[in-house]
Amino acid sequence: EKDITITITINDVDDTAPTNIQLSNNTLLKDQPANTLIGNLTATDVDTTTALIFTVDDTTNFKIAGNELQANRVISSTGNININIIANDGTNISSAQSFTINVIVNPNPAVINNNNIARNEGNSLTALSISATNEPNTQTLTYSISGTDAGLFNISATGVVTFKTAPDYENPTDADTNNIYNLVLEVNDGLSITTKAITITINNLDEATIGISPQSRSVTENASIDSNVGAVLITTGTVTNFEITAGNDAGLFKINNSGQIQVAIASLDYETTASHTLGVKITGTDATDKTANITINITNIPDTALEKTPTVKAGADIITSINKSVTLTATGNDPDGNNNDLKYTWTQTTGINVALTGADTASASFTTTAAMKDTDLTFSVSVSDNEGLKSASDSITVKVNNAKIAALAVRKESKAANKVLLSKASKVVMSRLSFLRHKKNKQSGFNVSGFVNGIQVSLANSELKRVMNSVLSANGLNPVIKTPTRKLNRWDTWTSAKLVIGNSKGGNNNKTKFNFKSLNIGMDRSLDEDKMLGFSLGLGKEDRTATGTDFSGDIDTTQWTLSTYGALELNQDSSIEAVLGLVKGKHEVSSSTHVANNQDSNGYFASVAYRGDLQKNKLNLSPFIRYDISRIKMKANNILTSSETTTDKALAIGLDLSNSIDYRDGKLNRTLGVEYKANLSNDNTDYLSKNAEKELTINMGVDYQKDNSTVSVSYERVQSTNNKAHSDGIEGTIRWKF
């Protein structure tokens, strides 16, 4: 028997797939180039030693080189990207392992500290050194440049930027040829690139030299225009321009580009000024300006009669709007000639060209167009005497300013509303005085004044009466027992509500529709038999809808008035009436075509009237003459930056007629009023048109009075005396005692 040893080798069979796939890093900075390493891959394989092959399912964004997961392209958006990776040992394939790649921005990119710079032209090539910081500061920074003008520069490894050719201000090489070089500085910290755009501005250096020294020149008095004042000025270097900068306020001299001073106005007078000192500045190409004082000595000659220079005024600047006819009016004066012989010439100096009509007359005109909106047009007018020896000139600016024109139109409408409201407020109080006057005249023949001083004590026996009076007189007494007068001095209260609806028309098809509402509360009392005093508080509101060439829209005015009024009876048939009050207004504007420019106002008003009272065949006649004055301040707003104060003064004369009949336990009064009113304000700030300076007003109405209440309705027509403007209105009023 023999033992045999048998060796059995068991070979490993690759029958197990890789497991436990790991990725060393899952974070990627955005905007990194393709092939950027993200992390290293590992896996466990218990039955093989061969190299594993990894694959990724998102091959658009990622790829695997060996065991490295890399970016397959530049990823510019931050966020999470989910991927699946499998491992292959050549025989078996692992299960897919999910990973999330976080695309983030560089948390600490490099910071460039450079800003725009300016440097002088010259031979120096250095432009700037890039200054940058980063965290952590152990990172290595690399520098580069780009941008429009980058090709004109070099950059070193340390970030020093230099011109390839030294800059020359007179011969710029930048893309815009404006001596401003545009660069983009770039700094890479190994993770991301930081960029910053800057400019390098080249300053000019004066490379040429010019000079002028103080000098003197002479000219005779009364020298004619364009006469040379001595020789050409002496200068050094190449001078391109001469300019008188001082000492020539009167414009007596001028200088050409050759350095020759000449007479500009033929009015040099030795007796007035024997010498003039001019500051003359010279300018040269690529040179520093120089200035010197030049003394002009006037040579005296025997005086003879001189032709005097005419004068001309072009007038105040004009503000207008588009599609308007504009008239330029000059006023000339010839001190030693006939003004009718003056010759005028209008020329346009700035702005959109216009066709002037009458350019060779004192009054020229043209029409604005839509193209001229919000522009200024400047015109010059010159005038010469009949001999053509002397001339003068002046200028005027026409501002085509629709916004300001509209604001002025609104202010005009607002002031017109003020005027109407004040007139109505004054008339309400005047009507109260009229009511009291008529009420008194309608009272019975019994006169309470018989009891004002007291009760007269008298004895029937004349002898006893004489003795009693003597005794009372000796003791400083009298036979009158005084009685109280409180009922004469009590206050009466009243209220008036008014509504007016109407319209007005003016020149250039300007129209206004309006409605007016007011409420007045007052109190008054008799001071004695011929005097009375009262106070009134009023609230008025007028809504105006204007349609015109300068402005179309709504202007709503709210006005408060506080007034005192009184009357003094001169005799049974005449009296003096007066009203004095304060006013505050608010004007709100609404327009679909213009910017709203609300305006506020305040001021005062007063009226004084002398009135008569006559009766003829049941007809009451009341002639009057009245003086009105108001002063209103329109406050500034965002368009009209200055306030405007307007004073209106007017004188009115008229006649009121009324007839009263009994009707249903009350009185029915039929009224007719005629008034002629002339405006007395003639200052330049007067806003009234010429059509409204003289007006004729006719008012017809009827009112019913019962006890202390009155209801009235009337029609009023206001007509300018030249028939170019008018207004019509229907008015309703209720008055009652409270």
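Placed above this text is the structure.
Since we're looking at a predicted model, the values are computed, not measured. (Residues numbered from 1 in each chain as written. Predicted model: local features only at pLDDT ≥ 70, side-chain atom pairs only at ≥ 80, totals over all residues. Heavy atoms only, no water.)

**Things to note about the nonpolar core**
The condition is simple: Put simply, buried Ala, Val, Leu, Ile, Met, Phe, Trp, Tyr and Cys residues joined by side-chain atoms within 4.5 Å make one nonpolar core. The cut-offs for exposure are 20% and 50% of the maximum accessible area for each residue type, with area from a 1.4 Å probe on protein chains only; residues under the lower value are buried, those over the upper are exposed, and the others partly exposed. Segments assigned H or I by DSSP are reported as helices when at least four residues long, segments assigned E as strands when at least two residues long, and all are numbered from the N terminus. We call two residues contacting when some pair of their heavy atoms lies within 4.5 Å.
Counting residues in each nonpolar core, the largest one holds 23 residues, and the members touching the most others are V219, F253, I261, V280 and I296. When contributions to this core are tallied by element, the ones reaching two or more residues are β21 (241-246), β22 (253-255), β23 (261-263), β24 (275-283) and β25 (290-299). If one sorts the elements of this core by residue count, β25 sits on top with 4 residues. In this view, V219 contacts N228, V229, V263, L268, I296, N297, I298 and T299; residues no more than four positions away in its chain are not counted.

**A few points about the pattern of salt bridges**
Stated formally: One speaks of a salt bridge when a side-chain nitrogen belonging to Lys or Arg is within 4 Å of a carboxyl oxygen belonging to Asp or Glu.
Under the defined criterion, the tally for this structure stands at 19 salt bridges. Across the pair E542 and R544 runs a salt bridge, and its minimum N-O distance is 3.3 Å. Looking at E542, the relative accessible area reads 0%, which means it is buried. For R544, a relative accessible area of 8% gives the class buried.

**With respect to the sheet that holds strand β4 (residues 53-56)**
How we decide: For two strands to be treated as a pair, DSSP must find at least two bridges joining them. Lines are fitted to the C-alpha atoms to define the axes, a helix being fitted only along its stretch in contact, and any angle between axes, read from their N-to-C directions, falls within 0 to 180 degrees.
One open sheet accounts for 4 strands, arranged β2-β8-β7-β4; its pairing is mixed. Every other strand in the sheet has two partners, leaving β2 (27-29) and β4 as the edge strands with one partner each. Neighbour to neighbour, the strand axes of the sheet diverge by 35 degrees on average, direction disregarded. Strand direction decides the pairing type here: β2 and strand β8 (residues 97-104), joined by 3 bridges, are parallel. By the bridge assignment, T27 is partnered in β8 with N102.

**Considerations on the pairing of β24**
Pairing geometry for β21 and β24, over 5 bridges, is antiparallel. When the sheet's bridge partners are listed, F242 is paired in β24 with I282. Across 8 bridges, β24 lies against β25 in antiparallel orientation. Bridging across to β25, L278 finds its partner in I294. Counting the residues in the hairpin turn of β24 and β25 gives 6 residues, including D286, whose phi is positive at 55 degrees.

Function cannot be read off these values alone, since they describe shape.
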